[in-house]
Amino acid sequence: MAENSKNGKGVKNADTENKEKKSFFKDDRVRFTVGLFVLLFGIYFTLALLSYIFTWKIDQSFEWQSVFSGSDVKVSNWTGRFGAIISAQFMNRWFGLPSIAFSIIIFAIGLKLLRLYNRNLLKLALKVTLGVLVASLVCGFLFGNARGFLGSGVGGAHGLFVSNWISAILGKFGAALLLLLVTVAYVIYIRPSSLHGFEVALRKLIDWLKSVMHREKNANQDDEVIDEKPEEATVPITVPDKEHDSSSVSVNEEITEDDNSDSFELASSVENMEEPIQDLDFSVEASSSENLVDGKENVGDKENVDDEEKHNGVEFTVEAKKEEEVSAAQVNKQELYDPSLELSHYQRPLLELLEDYRNTTSPTSNELLVENKNKIVETLSNYKIQIDKIKATVGPTVTLYEIVPAPGIRISKIKNLEDDIALSLAALGIRIIAPIPGKGTIGIEVPNQHPEIVSMHSIIKSQKFQDCKYELAIALGKTISNEIFILDLAKLPHLLVAGATGQGKSVGLNAIITSLLYKKHPAEIKFVLVDPKKVELTLYSRLEKHFLAKLPDSDETIITDTQKVINTLNSLCIEMDSRYELLKQAQVRNIKEYNEKFIARRLNPNKGHRFLPYIIVIIDEFADLIMTAGREVEMPIARLAQLARAIGIHLIIATQRPSTNIITGVIKANFPARIAFRVSSMIDSRTILDHPGANNLIGRGDMLVSAGSDMVRVQCAFVDIPEIERITDFIGNQQGFASAFLLPEYVPEGQDNLLEVDLKKRDELFEDAARLIVQSQMGSTSLIQRKFSIGYNRAGRIIDQLEAAGIVGPFEGSKARQVLIVDDLSLEQLLNNLNS
């Protein structure tokens, strides 16, 4: 017993020592002191290397042994002996002048300890180290020893030795090409957006070489024609022969410029887990993650057109016919209209712009799954409910337990035990699906203790998204079985998003927009963004000349004013009617058939026909619009929802208040596709989905998607604000259209009436009403109605006359009109001018 107590004390002492060590390094005072030391050492290191540029002739032979020797050893470095030996090591014996870049790593470490730098240190260190190595090689190759500058040249001993070794193997020309390749690859690695610039430069170089070769070929053919005799029978054949040659060259050029599709690496799959328990059939499934696009370029088959001429009778005739067929086919291909021609060099966002969130949490273990299984079985057995089989499917945030009850067990008995099962599992909230549609099982969804982050990077990278052929593919996240969940907005056709504050609505909207930006060209889709909160969607303002649509007289592309929202929605109704008229003239039923006909040049642009892009209307916080504008907003939205599907206008509405006065029957009837994030009550869940369940979600992107008769539980893909900024910057820095996509001009009804107002036929109470409005400084129709005891129609005519005279401002919805005349003196002058 004594020995055991002593051992116990020893273990406790060891634990306390470890805790003290950890707490020592976590102490803010230690962290600040070490960070300040590293920062100051970075300044010292930088000065030492800069000094070596001027004092290298004296300091280059300084050795470590001389650092602590007698005072007779002299150095010229500004930082003394220690600085001289450090600088000689880095600048002479190692990497030369590029060694100064190592200061960046030292400063970053110091700032990280001082909590002034929040980025990944390992990535920064890797980029700087690779840059120093590449720069050292390039400097060593270009400058060599440079007459002994810095001792071993600009690139140091490393750059000089390795570059000479490469030159000895590949020669000077081969070494230059290899170093050029390494440099370009490094620039693309540290700055992915530079890839577009390199592609444009390479394309221009290839076009220039083709034009030079084409001119030389035509010159050689002209020389051959001149040398031929005029009396020979071959003379008439040479003229069409040139035409065939030129057509064959154009075919080769067209085929060569085909773009290759983006490709990504393949992800590893999750292993299946199985764990038989007692006599009950129990299995655990962790569905494999989506296969990703292989890192190979998908290059289309290219036709080879034979440019060789045959001048021997029949052979020449056959070859000429082949070339004529290829040329005719190419002419037909070139006749197709290309909507992306104006922005032909537009590049879709790169995958590297998205953050790849590595899940640091440990996955759900077999032991925990078995423990939860036993608790479920025990809870059900307490109520005399026997089950034959149970299977677990592990998802990113939720584990689905599928149970097969014994014969004769009523499903309602299991469903009524939802709270008891939640109590036994100590879970945040479980959801029972009884039964699972399409299966003969009952599902019990249990939240994981360590939920994973579903990154937008993994969704966009997946093969399912890359190969998706949907017209408007929106990637929402992953299901319980780890499958990528993608919907086609063109078939939904509208989407209602609801949920409590902070449960992931804005992130869900960002995921929808991001997936469309990665799939579509700016000529194919336009966004109308409505943001009453003025802070959620402003990041997308940089896309104005690429993806956004607005009214002709509007300065802001992100609509925040209620009156402008009303005007924009009514303008979309005008656009809808205009598009339906175009579909009627083209004798087609939907926008897809219309655009296919227009691309095939079967519709005349001189008759008003044009390529029609999809228009996506995204409204964040719909409840605020209903509160401020009411039916003025609801009526055009209902009209668009009922009719706009066929002509490519789709609505996405988000609200955090899913009450019946916000989500009315008219809206619910026209929004069959709905997304519900976590809500506070079952009533709200029924308002959104017509089913309970959204009140049992765990939040943080956990949502239920109802796109028809079935409901699917999905973990929303996470895309953060810095990722959106990088994407919008990447697109905004490219060439765009001259302006945003302009919607039809809409004139409110009140302004239409102004054109019909005749101030010569003013109402008898016009002047009295004008004095009343100016004195009260409130332009209200009801005020005139009450003060003069007249009807609403007459008061409305008077207010229209006052507006036409410039006394009150235009109609502003439910607000009172602005009074433009400040005092009675100005009013009397205006009235005298009207009477004169």
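Residues numbered from 1 in each chain as written. Predicted model: local features only at pLDDT ≥ 70, side-chain atom pairs only at ≥ 80, totals over all residues. Heavy atoms only, no water.

## Quick look at the overall build of the protein chain
Counting its regular elements, the protein chain contains 27 helices and 17 strands. A total of 836 residues make up the protein chain; the buried ones form 44% of that total. Long-range contacts, defined as pairs at least 24 residues apart, comprise 67% of the intrachain contacts of the protein chain with a sequence gap of at least 6. (Helix = DSSP H or I, 4+ residues; strand = E, 2+ residues; numbered from the N terminus. Buried < 20%, exposed > 50% of the residue type's maximum accessible area, 1.4 Å probe, protein only. Contact = heavy atoms within 4.5 Å.)

## Brief notes about the environment of Thr655
Turning to its location among the elements, Thr655 is positioned in strand S13 (residues 649-655). Thr655 gets classed as buried once you look at its relative accessible area, which sits at 1%. Taking the C-alpha atoms as reference points, Thr655 and Phe622, separated by 33 residues in sequence, lie 5.1 Å from one another. Sequence-distant contacts of Thr655, defined by excluding residues within four places in its chain, comprise Val497, Ala498, Gly499, Lys505, Glu621, Phe622, Ala623, Ile662 and Ile663.

## Some words on the environment of Thr397
Here Thr397 shows up in the loop between strand S2 (387-394) and strand S3 (398-405). Sequence separation between Thr397 and Glu445 is 48 residues; the distance between their C-alpha atoms is 10.0 Å. Contacts of Thr397, omitting those with residues within four sequence positions, involve Pro447, Asn448, Pro451, Glu452, Ile698 and Gln715. At 3.2 Å, the side chain of Thr397 and the side chain of Gln715 are in polar contact. (Polar contact = N/O pair within 3.5 Å; in protein donor to acceptor, adjacent residues only side chain to side chain.)

## Things to note about the confidence of the model for the protein chain
For the protein chain, mean pLDDT is 78; residues scoring 70 or higher make up 78% of the total. Here helix H8 (residues 235-256) stands out as the least confident element of the protein chain, with mean pLDDT 37; strand S12 (residues 614-619) is the most confident, with 96. With pLDDT under 50 throughout, residues 228-278 is counted as low confidence; its partners more than four residues away or in other chains account for 86 contacts. Confidence drops under a pLDDT of 50 for residues 288-331, and excluding neighbours within four residues, the segment shows 72 contacts in the predicted structure. (pLDDT = per-residue confidence, 0-100.)

## Points about the sheet that holds strand S11 (residues 558-559)
As summarised here, the arrangement of the 10 strands in space is S7-S6-S16-S15-S14-S8-S13-S12-S9-S11, forming an open sheet in which the pairing is mixed. Two strands close off the open sheet at either side, each with one partner strand: strand S7 (484-488) and S11. One ladder, built from 3 bridges, connects strand S14 (residues 673-676) with strand S15 (residues 702-706); its direction is antiparallel. Paired with Arg674 across the strands is Ser706, a residue of S15. (Pairing = 2+ DSSP bridges.)

## Some points on the packing of aromatic side chains
One pass over the structure, following the stated rule, counts 12 aromatic pairs. Ring centres of Phe41 and Phe45 lie 6.4 Å apart, and the angle between their planes is 35°; on these two criteria the pair is classed as tilted. Here Phe45 and Phe41 lie together in helix H2 (residues 28-59), a separation of 4 residues that amounts to about one turn. Geometrically, the ring pair formed by Tyr346 and Phe547 is edge-to-face, given 6.2 Å between the ring centres and 70° between the ring planes. (Phe/Tyr/Trp six-rings, centres within 6.5 Å; stacked < 30°, edge-to-face > 60°.)

## As for the nonpolar core
Of all hydrophobic cores here, the largest spans 114 residues; its most connected members are Leu495, Phe527, Leu529, Ile616, Ile618, Phe622 and Ile652. Phe622 has contacts with Val633, Ile637, Ile653, Ala654, Thr655, Ile662 and Ile667, leaving out every residue within four places of it along the chain. (Core = buried A, V, L, I, M, F, W, Y, C linked by side-chain atoms within 4.5 Å.)

## What about helix H19 (residues 631-643)?
Between its terminal C-alpha atoms H19 stretches 18 Å, which fits the 18 Å expected from 13 residues at 1.5 Å a residue. Those residues of H19 lying buried are Val633, Glu634, Pro636, Ile637, Ala638, Leu640 and Ala641. Against helix H16 (562-586), S12, helix H18 (622-629), S13 and helix H20 (665-670) lie the buried residues of H19. (Expected span 1.5 Å × (residues − 1).)

## A word on the side chain of Lys550
Tracing the sequence through the fold places Lys550 in strand S10 (residues 549-550). You can call Lys550 buried: its relative accessible area is 12%. Among all residues touching Lys550, those that are not within four sequence positions of it are Glu544, Asp555, Thr557, Ala740, Phe741, Leu742 and Leu743.

## Section: a negative patch on the surface
On the surface, a cluster of negative charge is made up of Asp553, Asp555, Glu556, Asp561, Glu745 and Glu812. Note on Glu812: relative accessible area 32%, which makes it partly exposed. (Patch = residues over 30% accessible without salt bridge, like charges linked within 9 Å, V, L, I, M, F, W, Y side chains within 5 Å. Areas by Shrake-Rupley, 256 points an atom, 1.4 Å probe, with all protein chains shown as cover. Salt bridge = Lys/Arg side-chain N within 4 Å of Asp/Glu carboxyl O. Lys, Arg positive; Asp, Glu negative; His and termini not counted. Charge placed at Lys NZ, Arg CZ, Asp CG, Glu CD.)

## Remarks on the pairing of strand S9 (residues 525-530)
The buried fraction of S9 amounts to 6 of the 6 residues, a majority that puts the element mostly inside the structure. Of the two faces of S9, the one lined by Ile525, Phe527 and Leu529 and the one lined by Lys526, Val528 and Val530 are each fully buried. Bridging between S9 and S12 involves 6 bridges; their strand directions are parallel. Across the sheet, Val530 pairs through a bridge with Ile619, a residue of S12. Across 2 bridges, the pairing between S9 and S11 is parallel. Note that in S11 the partner of Val530 across the bridge is Ile559.

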